Amino acid sequence: MAGMPAESPKTQVPLPPVDAKVTTTACEYCPVACGYKVYTWPVGIEGGPAASENALGIDFPAPILSGRWPSPNMHSTVTIDGILQHAIVLPDPDAEHVNVGGNHSVRGGTLALKLYRPDGPTRDRLQHPMLRVNGTLQTISWDAAIEIIAEMIGYTVEEFGELAMGFKHYSYEYFENNYVITKFAYDAIGTPNVAPHHNTGHGTDTPGLDDTGVDAFSASYEDYKECDVAMVIGSDPYETKTVAFTQWLQPGGAKIIQVDPRKTFTAAYAEANGGLHLQLLPGTDAWVYGAIARHILEQGWQDADFIRDHVVQDRVEIDEDSAWRRRRFGLTWDEWQEAVLGNDELTLEAASEITTVPVEKLRQAAEMLAAPVDGGMPKASILYEKGLYWSHNYENTAALGNLSALIGARGRPGRATSRMGGHQRGGASGASYPKDKSPTEFEGNKVEMDCDRWMMEGNTRMVWSIGNDWINGSGASQYVAQRFREMTREIGPQITSAIPANAIAALKERLDNDGLFIVQSEIYTNSTTEYADLVLPAATWGEEDFSRNNAERRFRLYGKFMDPPGEAKPDWWAVAQVAQQMGFDGYDYADTNEIIEAYAPRSSGRKDFSALGEWTASKGIKLHDWLREQGTSGIQTPVVIENDEPVGTDRLHTDMSFKGGKSRFVIVDFDAVKERNELLGPNDDEVWVLTGRANHLWQSLYDDLRKPHLIQRYPVAFLEISPEDADKWDVVSGDMVAVESDRVRTQDLGTSFGGFTAVAYVTDEVTEGQVFSFFHYPGSPGNSVTTGDAASTPQNPRQPFKFGRGTVTKIGSTNLADVMSFVPRNIV
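Calculation rules
Sequence order as written defines residue numbering, which begins from 1 separately in each chain. Local features in this predicted model are restricted to residues of pLDDT 70 or higher, and side-chain atom pairs are both shown and tallied only at a pLDDT of 80 or more, whereas totals for entire chains, interfaces and linings draw on every residue. Side-chain descriptors were evaluated using all non-hydrogen atoms of the structure, hydrogens and water having been removed beforehand. Two strands qualify as a pair provided DSSP detects at least 2 bridges between them. Every helix listed is a DSSP run of H or I at least four residues long, and every strand listed is a run of E at least two residues long, numbered separately from the N terminus. Geometry is summarised by axes, namely lines fitted to C-alpha atoms with helices restricted to the contacting stretch, and by angles between N-to-C directions that run from 0 to 180 degrees. Between rings of Phe, Tyr and Trp, where Trp is taken as its six-membered ring, a pair exists when centres lie within 6.5 Å; planes separated by under 30 degrees are stacked, by over 60 edge-to-face, and by other angles tilted. Note on classification: 1.4 Å probe, protein chains only; a residue is buried when its accessible area is under 20% of the maximum for its type, exposed when over 50%, partly exposed between these limits. Geometric relationships in this document are graded by angle, where less than 35 degrees denotes roughly parallel, more than 145 denotes roughly antiparallel, 65 to 115 denotes roughly perpendicular, and other angles denote oblique. If you view the pair so one helix is near and one far, a crossing is left-handed when the near helix is turned anticlockwise from the far one by less than a right angle, and right-handed when it is turned clockwise. Only heavy atoms enter the contact rule, under which two residues are in contact if any of them lie within 4.5 Å. Cavities and pockets are found on a 1 Å grid laid over the protein atoms alone: a cavity is a set of points where a 1.4 Å probe fits but cannot escape, a pocket is an open set with protein on both sides within 12 Å along at least five of seven lines, and a lining residue has an atom within 4 Å of such a point. Grid points are joined across faces, edges and corners, and a volume is the space filled by probe spheres set on the points. The residue classification treats Ala, Val, Leu, Ile, Met, Phe, Trp, Tyr, Cys and Pro as nonpolar and Asp, Glu, Lys and Arg as charged. All others, Gly included, are polar. How far each domain reaches was decided by an automatic or database domain assignment. Any pair of N or O atoms that falls within 3.5 Å is considered a polar contact. Within protein, one atom must be able to donate a hydrogen and the other to accept it, and sequence-neighbouring residues count only if both atoms are side-chain atoms. Note on definitions: salt bridges are taken to be side-chain nitrogens of Lys or Arg within 4 Å of carboxyl oxygens of Asp or Glu. One less than the number of residues in a helix, times 1.5 Å, gives the span that helix is expected to have. The nonpolar core is taken to be a set of buried Ala, Val, Leu, Ile, Met, Phe, Trp, Tyr and Cys residues, with the residues joined through side-chain atoms within 4.5 Å. The arc in question is the one spanned by the directions pointing from the helix axis to the C-beta atoms.

### Some remarks on the sheet that holds strand 2 (residues 35–42)
What holds strands together in a sheet is hydrogen bonding between their backbones, with the strands either parallel or antiparallel.
Right, on to step 1. The strand order across the open sheet formed by four strands is 1-2-4-3, and the pairing between neighbours is antiparallel. Each end of this open sheet is capped by a strand with a single partner; those strands are strand 1 (21–26) and strand 3 (75–80). Direction aside, neighbouring strands of the sheet carry axes that sit 35° apart on average.
Right, on to step 2. Where strand 1 lies against strand 2, six bridges are found, and the strand directions are antiparallel. Bridge pairing in strand 2 places Thr 23 opposite Val 38.

### Digging into the packing of aromatic side chains
Two aromatic rings, taken as a pair, are described by how far apart their centres are and by the angle between their planes.
Right, on to step 1. A complete count under the given rule lists 44 aromatic pairs for this structure.
Right, on to step 2. Taking 5.5 Å as the distance between ring centres and 35° as the angle between the ring planes, the aromatic pair formed by Trp 333 and Phe 665 counts as tilted. With Trp 333 in helix 12 (residues 333–341) and Phe 665 in strand 25 (residues 665–666), this residue pair connects regions lying 332 residues apart in the sequence. Like Trp 333, the residue Phe 665 is buried in the burial classification.
Right, on to step 3. For the pair Tyr 714 and Phe 718, a centre-to-centre distance of 4.9 Å together with 35° between the ring planes defines the contact as tilted. Like Phe 718, Tyr 714 is buried.
Right, on to step 4. Of the aromatic side chains, those joined through ring pairs into one cluster are Phe 167, Phe 184, Trp 464, Phe 584 and Tyr 587.

### Description of the sheet that holds strand 22 (residues 635–636)
Right, on to step 1. The strand order across the open sheet formed by three strands is 20-21-22, and the pairing between neighbours is antiparallel. Each having just a single partner strand, strand 20 (546–549) and strand 22 make up the two edges of the open sheet.
Right, on to step 2. Relative to strand 21 (residues 554–558), strand 20 runs antiparallel, the two being bridged by four bridges. Looking across to strand 21, one finds that Ser 547 is bridged to Leu 557.

### A word on the packing of helix 8 (residues 285–299) against helix 16 (residues 393–407)
Right, on to step 1. Interaxial distance between helix 8 and helix 16 falls to 8 Å at its minimum, and their mutual angle equals 20°. Of the possible angle classes, the one that applies to helix 8 and helix 16 is roughly parallel. Every pair of crossing elements has a handedness; the one defined by helix 8 and helix 16 is left-handed. Two secondary-structure elements touch here, helix 8 through Asp 285, Ala 286, Tyr 289, Ile 292, Ala 293, Ile 296 and Leu 297 and helix 16 through Asn 396, Ala 399, Leu 400, Leu 403, Leu 406 and Ile 407.

### Observations concerning the layout of surface pockets
Right, on to step 1. Computed from the structure, the largest pocket encloses a volume of approximately 1,400 Å³.
Right, on to step 2. Looking at the lining of the largest pocket, the elements that each hand over two or more residues are helix 2 (175–189), strand 8 (194–196), helix 3 (207–212) and helix 11 (324–329).
Right, on to step 3. Considering the residues around the second largest pocket, the lining is formed by 41 residues, among which Tyr 172, Gly 467, Asn 468, Asp 469 and Ser 700 are closest to the centre.
Right, on to step 4. Taken together, the residues that form the lining of the second largest pocket break down as 16 nonpolar, 17 polar and eight charged.
Right, on to step 5. Looking at which domains feed residues into the lining of the second largest pocket, each of domain 2 (130–201 + 426–581) and domain 5 (670–819) gives three or more.

### Digging into the side chain of Arg 125
Right, on to step 1. Relative to the elements of secondary structure, Arg 125 occurs in the loop between strand 4 (83–91) and strand 5 (130–133).
Right, on to step 2. Among the polar contacts listed, one links the side chain of Arg 125 to the side chain of Glu 543, at a separation of 2.9 Å.

### Things to note about the pattern of salt bridges
Right, on to step 1. Under the criterion given, the structure shown has 57 salt bridges.
Right, on to step 2. Close ionic contact of Arg 262 with Glu 765 constitutes a salt bridge, the shortest N to O distance being 2.9 Å. Highlighted residues: Arg 262 in the loop between strand 10 (255–259) and helix 7 (265–272) and Glu 765 in the loop between strand 29 (751–762) and strand 30 (770–774), separated in sequence by 503 residues. Side by side, Arg 262 and Glu 765 carry an identical accessibility label, which is buried.
Right, on to step 3. Of the charged contacts in the structure, one is a salt bridge between Glu 552 and Arg 554, with a shortest N-O distance of 3.0 Å. The same class applies to Glu 552 as to Arg 554, namely buried.

### Topic: helix 16
Right, on to step 1. The end-to-end C-alpha distance of helix 16 is 22 Å, a good match for the 21 Å that 15 residues give at a rise of 1.5 Å each.
Right, on to step 2. Once helix 16 finishes, Gly 408 follows within two positions and takes phi at roughly 65°, a positive value.

### What to know about the environment of Leu 627
Right, on to step 1. Within the secondary structure, Leu 627 sits in helix 23 (residues 623–630).
Right, on to step 2. Overall, Leu 627 belongs to the buried group, its relative accessible area being 1%.
Right, on to step 3. Put simply, Leu 627 and Arg 556 are 71 residues apart on the chain and 6.0 Å apart in space, counted from C-alpha to C-alpha.
Right, on to step 4. Those residues within four positions of Leu 627 in sequence are excluded, and the remaining contacts are Ser 547, Phe 555, Arg 556 and Leu 557.

### Considering unusual backbone geometry
Right, on to step 1. A cis amide bond links Phe 60 to the next residue, Pro 61, at an omega of 5°.
Right, on to step 2. In the segment running from Gly 492 into Pro 493, the intervening peptide bond is cis, with an omega of 0°.
Right, on to step 3. Residue position: Pro 493 is located in the loop between helix 18 (477–488) and helix 19 (500–512).
Right, on to step 4. In this model, Ala 33 sits at a positive phi of 60°, which is unusual for a non-glycine residue.
Right, on to step 5. Tracing the backbone through its elements, the reader meets Ala 33 in the loop between strand 1 and strand 2.
Right, on to step 6. The exposure class assigned to Ala 33 is buried, which follows from its relative accessible area of 1%.
Right, on to step 7. With a phi close to 50°, Ala 476 is a non-glycine residue in the positive phi region.
Right, on to step 8. Given a relative accessible area of 1%, Ala 476 falls into the buried group.

### Side note on the nonpolar core
Here is a general trend for soluble globular proteins: nonpolar side chains tend to be buried in one another's company.
Right, on to step 1. Of all hydrophobic cores here, the largest spans 185 residues; its most connected members are Phe 184, Met 231, Ile 292, Leu 403 and Trp 464.
Right, on to step 2. It is helix 1 (residues 142–160) that contributes the most residues to this core, 10 residues altogether.
Right, on to step 3. Every residue in contact with Met 231, bar those within four places of it in the chain, is listed here: Ile 257, Val 259, Leu 278, Tyr 289, Ile 292, Leu 369, Ser 381, Ile 382, Leu 383 and Leu 403.
Right, on to step 4. Counting 38 residues, the second largest nonpolar core, distinct from the first, contains Leu 680, Leu 719, Trp 729 and Val 731.

### Structural notes on helix 24 (residues 670–680)
Right, on to step 1. Where helix 24 is concerned, the buried positions are Phe 670, Ala 672, Val 673, Arg 676, Asn 677 and Leu 680. Buried residues along helix 24 cover an arc of 150° about the axis, so they all sit on one side. The exposed set on the far side of helix 24, more than 90 degrees from its buried face, consists of Glu 675 and Glu 678.
Right, on to step 2. Those residues of helix 24 that are buried lie in contact with helix 8, helix 16, strand 28 (736–745) and strand 31 (805–812).
Right, on to step 3. The N-cap residue of helix 24 is Asp 669: its side-chain oxygen and the backbone nitrogen of Asp 671 are 3.2 Å apart.

Shown next as structure tokens:
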């Protein structure tokens with residue numbers, strides 16, 4: 001396809017010499033975060049084929065499955081201290097955790113291709129600050145950029161108030177960056193108008209499960225291997241968390257209960273290996289978990305000991321709870337039994353009618369999860385992701401939390417309830433979130449601010465977007481682009497001079513005219529860049545020492561091994577420079593180690609490494625240096641000190657302590673679910689448009705667009721269509737189709753038009769009346785027809801990304817069948 005990077009197959013890869021520098025890191029992409037070693041050495045020097053002549057320590061030629069064979073996609077050249085050097089990014093063959101022995105996914109196996117090189121596909125990395133002058137981005141100095149940002153933040157807050165200053169930032173791109181960003185936003189500026197890349201506001205993704213007491217990331221990967229039954233919900237772990245599946249879940253032999261509207265690879269695998277696929281109608285999760293729970297209750301299969309000892313029994317405990325949401329929705333054991341048994345829609349027969357899951361499969365699921373085995377409870381774990389909570393956010397997570405508490409799937413080996421993760425865990429809070437300033441409420445209770453709605457309604461005057469494609473990453477994405485255009489390009493004046501004082505004057509006048517000023521920090525341009533007036537180049541993975549957790553809370557250092565391109569700087573540095581320019585103290589960090597040591601005392605809950613920070617300080621060791629010594633093993637948080645040594649935590653809740661003290665059951669408002677389905681679901685002329693990830697692609701394809709090996713698999717957006725719908729629409733694989741809707745719910749509670757094009761991919765993965773596409777394909781995001789209405793989940797405003805609807809129309813044939821494969825992806 002035009003514009004696609006050409007692949008020049010390598011016939012050989014240079015071997016690192018014995019004295020090559022070795023840096024440990026972890027994969028940039030999925031939540032598993034496999035461990036990697038990066039070998040760097042000067043160009044012009046190579047190791048030899050004998051084990052004694054190379055840093056890999058084996059004789060070459062070597063078998064591919066040796067764990068030490070670097071593929072062509074694992075090699076690149078980079079600049080280190082201004083000198084051109086080779087780099088091999090190899091899965092750690094000595095890894096003792098996560099990807100034991102050097103396992104990896106197709107995504108991680110191409111990490112070397114993401115590295116900046118001026119003669120390759122990554123040459124379009126942002127390298128200098130740029131100001132939009134007369135409609136064109138022009139290079140300026142960092143001094144000028146910092147002056148403009150600092151002056152405009154001060155003006156915005158002074159003239160329009162703290163809530164007019166917004167921040168949209170990644171929640172995964174390392175503790176060090178996020179600590180400084182949130183410290184500046186929450187403390188220095190004092191605004192609640194702060195949202196992570198994937199949400200409309202600060203806060204939890206899984207409120208119902210939180211209210212039942214369980215932490216979202218409580219499990220260890222050992223639990224995946226130790227459980228006998230794994231209920232996997234709203235995620236295809238093979239496609240999106242590959243090594244978690246191939247290294248932990250699959251080898252353990254657990255029978256899988258896959259809950260998903262699509263027959264994915266994992267669903268097919270489950271059915272072929274003694275498990276189940278509960279292929280539910282979108283939007284009906286709550287009835288599935290409620291009916292399974294009711295059947296368990298009717299059979300007397302519940303974990304009676306756990307409920308007696310660790311679940312709230314007394315109404316007084318709920319009424320006196322310090323958290324309003326647990327008071328509002330909490331139920332005692334007796335109250336919950338009465339609610340479940342009194343709801344006729346939760347009989348197996350009624351739930352089957354609502355969800356389309358056969359009665360027998362619901363019954364089998366209940367038996368697998370809870371029927372006695374050798375006189376005790378089966379070792380059952382519940383593993384879930386975005387397909388669960390990006391729809392009926394509170395009700396789905398509450399229904400699942402109730403089922404989890406009923407079977408005691410908490411805090412014991414092989415008996416866990418946990419997210420599998422969508423991305424890695426780099427969120428860090430540098431100050432307390434100022435919820436008291438939030439204009440968003442539920443029944444008189446302050447909840448986290450719905451920042452996207454605030455923005456679309458025109459209340460935000462300036463926003464700093466850091467490390468995300470706000471437009472394509474949002475529901476109703478084309479409406480978001482429309483509003484950005486209206487507030488930036490259609491409200492004047494535009495900047496006509498690169499002199500900072502002149503640019504500032506123009507921007508102040510625009511804000512006075514109800515316009516918007518966007519600052520964007522990124523590594524590449526994306527759809528949001530078109531509306532940014534100031535763009536900052538960011539340093540990223542491999543270009544700075546950073547740290548974060550993976551989905552089993554494994555805390556590791558991602559070591560620096562190369563120079564960033566041009567004048568690119570890490571985001572913490574840019575924010576700290578602005579803070580100092582504005583006169584705020586406490587932002588003069590020398591390096592990222594100073595930042596992580598500042599964050600350590602504030603780290604808490606599942607990320608708590610405060611004891612480790614105290615311990616390293618007492619030993620005179622830098623925290624980053626200690627992490628570096630741990631290599632790809634790292635340590636699982638929370639960290640405690642025992643016998644003067646740091647000790648990690650395999651799984652949470654082993655002491656049977658839960659959020660709020662004991663576990664509890666909570667209310668599931670089925671009427672609210674019905675109303676939301678009616679509001680956001682398709683009508684008779686539309687189909688469900690489901691969205692998600694695919695194995696070869698990561699997030700917004702910010703790296704994959706520049707990796708020929710991957711982008712040639714999906715050179716355009718794809719749309720999975722059932723054979724039945726394909727016949728009806730006269731479509732075959734390779735045809736181009738348009739997916740459109742004039743009923744896209746917007747962030748400000750209206751409706752708008754949205755649409756995207758994609759190549760038809762006819763498959764039995766989807767059923768009649770449902771299609772599936774990649775959520776964030778550049779230029780054709782599935783999010784164009786998903787809802788942006790976070791107010792539809794008022795207890796915890798979240799965009800219900802899994803609610804997409806539209807019509808599908810064939811618009812012609814293509815030659816894509818000659819370029820990409822359309823074989824089924826769910827063959828076991």
